[in-house]
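# Per-entry structural report
The residues making up each chain are set out below.
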Amino acid sequence: MSLPEQSASTPRLLIAGAFHGALAWCVYAIIETFASGLWPLLTGRDSVLMPWFWQGTAVLFAAFAGVGAIIGLAASLILKLLHGRISRTTLSSAAVGFLALAFSANLLLQPELQR
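Before going into details, it helps to say that this report is about the structure given with it. (Residues numbered from 1 in each chain as written. Predicted model: local features only at pLDDT ≥ 70, side-chain atom pairs only at ≥ 80, totals over all residues. Heavy atoms only, no water.)

What follows is about the packing of helix H1 (residues 10-42) against helix H3 (residues 88-108). Between H1 and H3, whose axes approach to 9 Å, the crossing angle comes to 45°. The angle between H1 and H3 falls in the class oblique. Here H1 and H3 pass one another in a crossing that is right-handed. Within the contact between the two elements, H1 uses Leu13, Ala16, Gly17, His20, Gly21, Ala24, Trp25 and Tyr28 and H3 uses Arg88, Leu91, Ser92, Ala95, Val96, Leu99, Ala102 and Phe103. Partitioned by chemical class, the residues of the contact of H1 with H3 number 11 nonpolar, four polar and one charged. (Axes fitted to C-alpha atoms, helices over the stretch in contact; angles between N-to-C directions. Helix = DSSP H or I, 4+ residues; strand = E, 2+ residues; numbered from the N terminus. Parallel < 35°, antiparallel > 145°, perpendicular 65-115°, else oblique. Left-handed = near helix turned anticlockwise from the far one by under 90°. Contact = heavy atoms within 4.5 Å. Nonpolar A, V, L, I, M, F, W, Y, C, P; charged D, E, K, R; others polar.)

Dropping the structure here:
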């Protein structure tokens, strides 16, 4: 998505934020799908992909894209209110930062890891 280095309009900024958020979360979904589903197949382990795997993967991608777009939109709005002008790099960094924050919070909330 083409965004000038210094964004001018709020609607365009919000759309760019949603785009960057969805993009970051979709990249994470690709990595997670590869690590959890496809990597065991490629390493020669006795793994089989069940027919429902791809349906679940499609739902996962849609959910991650939706969550990423909402979080990206919210992040761009917050940054706009706090700083006024926002660069493309700031939007990308905010999208990745919120993804890392959500991933870290998820890890910290896992009971198995709290021992």
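Mapped onto the elements of the fold, Gly72 is located in helix H2 (residues 52-83). In sequence terms Gly72 and Leu101 are 29 residues apart; their C-alpha atoms lie 13 Å from each other. The contacts of Gly72, once residues within four sequence positions are left out, are Gly17, Ala18 and Gly21.

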